[in-house]
Structure formats: C-alpha cells, structure tokens
Amino acid sequence: KAGVTQTPRYLIKTRGQQVTLSCSPISGHRSVSWYQQTPGQGLQFLFEYFSETQRNKGNFPGRFSGRQFSNSRSEMNVSTLELGDSALYLCASSLWGGRETQYFGPGTRLLVL
Amino acid sequence: TQLLEQSPQFLSIQEGENLTVYCNSSSVFSSLQWYRQEPGEGPVLLVTVVTGGEVKKLKRLTFQFGDARKDSSLHITAAQPGDTGLYLCAGDGAGTASKLTFGTGTRLQVTL
C-alpha cells in the first residue's frame, strides 16, 4: 500500500503570497490531519478533516485553511504569507481518526522570503 | 493548554551506551505515543501507551507511562547509529489521536 504523499516537497514563496499544499492519504483512510513543524514551536496541530468536514481545529489564525475532497485527498491553504510561516507542513492520515494510529507523510518544506 | 516537555533536548552518545528520554506534563493524557523522525521524513509511530504504569518493549527500546498518565519515558539499551533521529512524545488529551499535542522533541545522535 502506498504511504501518505505530499506535494510539493519544497516550496519558496515571498511575503504576502498565498500557497496551497496537497496531501493524498493512504488508500481507504478518511481522516487527514495537518501539522506545522518549526524549530521553535515544534509540531503543532492545525486541523483535521473527516468525510470532507473539518472535525478539529488548532490555534492558528484564519489565514490557515483547508479542505478535503470526496476521495479523501486534502489541501491546506495559507494566505498572506508571513516570514513566520516558514516551516515543514506535515499531513497524517488514519482510517477513522479518533484513537487510531496516524501515518505521516514526508512533509512539504515551505520557505517564505 | 496542554504542554509536553521533553528532556534532554539534545543527546550525543556513542554506540553501545544506554540512554533515557523523558516526557513530562502537568496534564493527564488518555494515551501517549512515541515517534521517531528522521531528516526529510515525517514522524513514524513507535508505540502507544494507554494504561497508567504500563511498560512496553520494542526490541532495545522500553517505554513507560507514568502511573498518573502525566509523564512517560523512553529507555534505549545499547544504542546503535540507526537509533539516530528526533524522538517525539505526543499526548492524546482530547480523546482523539487525530489532534495530538506533541512534545518539544529530543534529538539523539549515536556515533560509532
């Protein structure tokens, strides 16, 4: 079974731009969670989608948004990029969410200049 | 806000040595997970502990969940270079493992 895939793997943007990251979960998984990883703050939960609905949300500003499609693929969007948004963005999938094991993708490394 | 503090932050040891990584919180967690992350990859789950006082072994790795479910430890016996990586603990305090609170991380380097 293919693992979680994320595209693109690397991205460079400038302040004020917006960016869209994509995550394809493991086949059959319906829950997709997104995390931001930075050296200073570590790994922080952004949001979780299940069956095209946002089920959980972390403490991030409204510039961070996401969506999930009927095939469980998910995208996250960051608008009006700030320097502090430079990070590794990870997505993780599981069958149903809840207490199940999450499987992480390799991440998208975003650099904002 | 639930916080998980890990110690030490960095650890550089030689092959064959033993080490222990600690994960502490003032909050109670329903379960606690340990992950290892290698450069350029996402975290990979090593173990989940659920019951207070639980001890789980994975080859040379021993994981323990505190009796009060507020802390955990990871002990590695006879470390090998392949153990090198970032070790993360993560707590499931909201009743859902899809919204994990991650620890600050311990970066381990094992040299020959």
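The following refers to the structure shown. Bear in mind the structure is a predicted one, so any value in this text is a computation, not a measurement. (Residues numbered from 1 in each chain as written. Chains lettered and ligands numbered in written order. Predicted model: local features only at pLDDT ≥ 70, side-chain atom pairs only at ≥ 80, totals over all residues. Heavy atoms only, no water.)

**Some remarks on the sheet that holds strand E1 (residues 5–7) of chain B**
Residues and elements named next belong to chain B.
Logical step 1: Pairing in this open sheet of 5 strands is antiparallel, and the strands run E1-E3-E8-E7-E6 from one edge to the other. If you trace the sheet from one side to the other, it starts and ends with E1 and strand E6 (55–58), each paired once. Geometrically, the sheet is characterised by an average inter-axis angle of 15° between neighbouring strands, direction not taken into account.
Logical step 2: Sheet topology note: the strand E3 (residues 19–24)/strand E8 (residues 71–76) ladder contains 6 bridges and is antiparallel. From the neighbouring strand, Val21 faces E8, where its bridge partner is Leu74. (Pairing = 2+ DSSP bridges. Helix = DSSP H or I, 4+ residues; strand = E, 2+ residues; numbered from the N terminus. Axes fitted to C-alpha atoms, helices over the stretch in contact; angles between N-to-C directions.)

**So, the packing of aromatic side chains**
Logical step 1: Counted according to the given criterion, the structure contains 10 aromatic pairs over all chains.
Logical step 2: Relative to Trp96(A), the ring of Phe50(A) lies with its centre 6.1 Å away and its plane at 45°, an arrangement referred to as tilted. Of the two residues, Phe50(A) is situated in strand E5 (residues 42–50) and Trp96(A) in the loop between strand E9 (87–94) and strand E10 (103–104); the sequence distance between them amounts to 46 residues.
Logical step 3: For Trp96(A), a relative accessible area of 46% gives the class partly exposed.
Logical step 4: Here the aromatic residues Tyr35(A), Phe45(A), Phe104(A), Tyr35(B) and Phe102(B) are joined through ring pairs into a cluster of three or more.
Logical step 5: Lying across the ring of Phe50(A), Arg55(A) places its NZ or CZ 4.3 Å from the centre. (Phe/Tyr/Trp six-rings, centres within 6.5 Å; stacked < 30°, edge-to-face > 60°. Buried < 20%, exposed > 50% of the residue type's maximum accessible area, 1.4 Å probe, protein only. Lys NZ or Arg CZ within 6 Å of the ring centre and 35° of its normal.)

**Re the state of the cysteines**
Logical step 1: Scanning the entire structure with this criterion turns up 2 disulfides over all chains.
Logical step 2: Through a disulfide, Cys23(A) is tied to Cys91(A); the S-S separation comes to 1.9 Å. Between Cys23(A) and Cys91(A), the disulfide has an S-S torsion of 65° and is therefore right-handed. Placement of Cys23(A) in strand E3 (residues 19–24) and of Cys91(A) in strand E9 is noted, with a sequence separation of 68 residues between them.
Logical step 3: Assessed through its relative accessible area of 0%, Cys23(A) is described here as buried.
Logical step 4: Across the disulfide from Cys23(B) sits Cys89(B); the S-S distance is 2.1 Å. Between Cys23(B) and Cys89(B), the S-S torsion sits near 80°, and that sign places the bridge as right-handed. Of the two residues, Cys23(B) is situated in strand E3 and Cys89(B) in strand E9 (residues 85–92); the sequence distance between them amounts to 66 residues. (Disulfide = S-S within 2.5 Å.)

**As for the pairing of strand E11 (residues 108–112) of chain A**
All names here are of chain A.
Logical step 1: Because side chains alternate across E11, one face comprises the buried residues Thr108, Leu110 and Val112, and the other comprises Arg109 and Leu111, none of which is buried.
Logical step 2: With 4 bridges connecting them, strand E2 (residues 10–13) and E11 associate as parallel partners. If you follow Leu11 over to E11, its bridge partner there is Leu110.
Logical step 3: Where E9 lies against E11, 3 bridges are found, and the strand directions are antiparallel. Bridge assignment links Ala87 to a residue of E11, and that residue is Leu110.

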